[in-house]
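Architecture and fold: a report
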Amino acid sequence: MKILYHILYGIWYLLSLMPLRVHYVISDGLYLIVGKLMKYRHKVIWKNLTASFPEKSEAELREIERKFHHWFCDYIVETVKMFSMSERQMRRRMVFDGIEELNDDLRKGRSVTIMLGHYCNWEWVASLQLSIIDKGKTAQLYHPIENPIIDKLFLHSRGRYGSTSIEMKEAFKTLVDWQKAGIQPVTGFIADQSPGYSSMHYWPQFLNHQTPAYTGGERIARIMDTVVYYFDMYRPRRGYYVAKVIKMCDQPKKEPKFAITEQYYRLLENSIKRSPEFWLWSHNRWKRTWKDFVECYPDETERKRILNKL
């Protein structure tokens, strides 16, 4: 496995050395295969789009799907390029608008929770360490990829700019240990994932669906008393992304239960509606429904025990 890792590392690194403009030529060719010939995950994408935007015409939805496939191919080559992209180039292409307020909170001794979605190029957000003051230590929580070699390659890429990847099950212990050691975590939660049945504590309306919400970000923010931010990402042009840094709350412990999670879903929904092609429509986000949840927990007492737990 070690030999295979080094072989794949070398291939990925060599591919990443090509100029980004060459990567985009490859992306255009890849789009013809993924979007036109394969129609990558068309059934899932179409199901998600039609249910999320019932007011849009078929032509509008097909245009969103086309743009999604094109952007998704860009995301692939941009992720490859990240493997060797210089700090200088990354700073120019991934901009954090309003980072001064976040840095001010770090100067005041506060730790930070960041909530974002699978929207625009979330991989490049791992460069956040380049834009914050030394008092803060950035981390992103993740679920390991099934293939251990690919998982190791992604961990290397995500850590190139100083950020730390923490496995989800180790998150709380690691972040508390950091705080005890005087380290101020700046932790990113990609919170638009589908939780397991035992973690379905809250069901907001999101893109016309009753949606089981991942509430781990809010829970850790409350326990650690962090400032909470949302990154409203957009793509001004190909190869460039901006994350607008929006403060959600200063004192999470004083917020009503699930208010932070609800606010996050409203902000993410606004981002998606503005430019829907940049969200990960190929992810089967609504594979678990309220009906499935009820069938999983037919006993009402047990169901109530899970609901509203934070």
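Refer to the structure presented above.
Here's what I pulled together on the structure shown here. (Residues numbered from 1 in each chain as written. Predicted model: local features only at pLDDT ≥ 70, side-chain atom pairs only at ≥ 80, totals over all residues. Heavy atoms only, no water.)

This part is about the overall build of the protein. Regarding its fold elements, the protein presents 12 helices and 9 strands. Burial analysis of the protein (310 residues in total) assigns 52% to the buried set. Within the protein, contacts between residues at least 6 apart in sequence are counted, and of these 78% link residues at least 24 apart. As displayed, the protein has an accessible area near 14900 Å², and 54% of this comes from carbon and sulfur atoms. (Helix = DSSP H or I, 4+ residues; strand = E, 2+ residues; numbered from the N terminus. Buried < 20%, exposed > 50% of the residue type's maximum accessible area, 1.4 Å probe, protein only. Contact = heavy atoms within 4.5 Å. Areas by Shrake-Rupley, 256 points an atom, 1.4 Å probe, with all protein chains shown as cover.)

A few words now on a nonpolar patch on the surface. Together, Ile3, Leu4, Ile7, Ile11 and Leu15 give the surface a local cluster of nonpolar side chains, amounting to about 480 Å² of exposed area. The residue Leu4 is located in helix 1 (residues 2-16) in this model. (Patch = residues over 30% accessible without salt bridge, like charges linked within 9 Å, V, L, I, M, F, W, Y side chains within 5 Å. Salt bridge = Lys/Arg side-chain N within 4 Å of Asp/Glu carboxyl O.)

When the terminal C-alpha atoms of helix 1 are compared, their 21 Å separation across 15 residues agrees well with the 21 Å that a helix rising 1.5 Å per residue should span. For helix 1, every residue scored as buried is listed here: Tyr5, Trp12 and Ser16. Buried residues of helix 1, seen end-on, are gathered within an arc of 35 degrees and therefore sit on one face of the element. The outward face of helix 1, more than 90 degrees from its buried face, is lined by the exposed residues Ile3 and Leu14. (Expected span 1.5 Å × (residues − 1). Arc of directions from axis to C-beta.)

The buried fraction of strand 8 (residues 227-237) is high, at 8 of 11 residues. In this sheet, strand 8 lies alongside strand 2 (residues 112-116) in parallel orientation, the contact comprising 4 bridges. Bridging from a neighbouring strand, Val112 pairs with Val227 of strand 8. As defined by bridge partners, strand 8 adjoins strand 9 (residues 240-249) across 8 bridges and the pair is classed as antiparallel. Paired with Tyr229 across the bridge in strand 9 is Lys247. A loop of 2 residues connects strand 8 with strand 9, the two strands running antiparallel in sequence, and Gly239 in this loop sits at a positive phi of about 90 degrees. (Pairing = 2+ DSSP bridges.)

Strand pairing in a sheet relies on backbone hydrogen bonds. The paired strands run either parallel or antiparallel. Reading across from one edge, 1-9-8-2-5-3-4 is the order of the 7 strands in this open sheet, with mixed pairing throughout. In this open sheet, the two edge strands, each paired with only one partner strand, are strand 1 (94-97) and strand 4 (164-167). Averaged over all neighbouring strand pairs, the angle between strand axes comes to 30 degrees, with direction disregarded. In terms of strand pairing, strand 2 meets strand 5 (residues 184-190) through 5 bridges, oriented parallel. Bridge pairing in strand 5 places Thr113 opposite Thr187. (Axes fitted to C-alpha atoms, helices over the stretch in contact; angles between N-to-C directions.)

A separate point is the packing of aromatic side chains. The relative placement of two aromatic rings is captured by the distance of their centres and the angle of their planes. A full pass over the atoms with the stated rule returns 29 aromatic pairs. Aromatic pair Trp71 and Phe278: ring centres 6.2 Å apart, planes at 70 degrees, arrangement edge-to-face. Remark: Phe278 occurs in the loop between helix 10 (259-274) and helix 11 (290-296) and Trp71 occurs in helix 4 (residues 58-81); sequence separation between them is 207 residues. Residue Trp71 shares its accessibility class with Phe278, and that shared class is buried. An angle of 40 degrees between the planes, with centres 6.1 Å apart, marks the rings of Phe206 and Trp286 as tilted. Taken together, the residues span a long stretch of sequence, with Phe206 in strand 6 (residues 205-206) and Trp286 in the loop between helix 10 and helix 11 at a distance of 80 residues. The class for Trp286 is buried, based on a relative accessible area of 8%. Members of the aromatic cluster, joined through ring pairs, are Tyr40, Phe68, Trp71, Phe72, Tyr75, Tyr119, Trp122 and Phe278. (Phe/Tyr/Trp six-rings, centres within 6.5 Å; stacked < 30°, edge-to-face > 60°.)

The next subject is the nonpolar core. In this structure, Phe96, Leu102, Ile114, Phe231, Ile272 and Trp281 are the most contacted members of the largest nonpolar core, which totals 78 residues. Top contributing element to this core by residue count: helix 4, with 7 residues. In this structure, Trp281 is in contact with Val44, Ile45, Asn48, Leu49, Ser52, Phe53, Ile64, Phe68, Leu207, Ile272 and Pro276, ignoring residues within four places of it in sequence. Counting residues in hydrophobic clusters, the runner-up holds 7 residues, among them Tyr5, Trp12, Val80 and Phe83. (Core = buried A, V, L, I, M, F, W, Y, C linked by side-chain atoms within 4.5 Å.)

Here Gly35 lies in helix 2 (residues 20-37). Owing to a relative accessible area of 11%, Gly35 belongs among the buried residues under this scheme. As for Gly35 and Met115, which are separated by 80 residues in sequence, their C-alpha atoms are 30 Å apart. Ignoring anything within four residues of it in the chain, the contact list for Gly35 reads Leu30 and His69.

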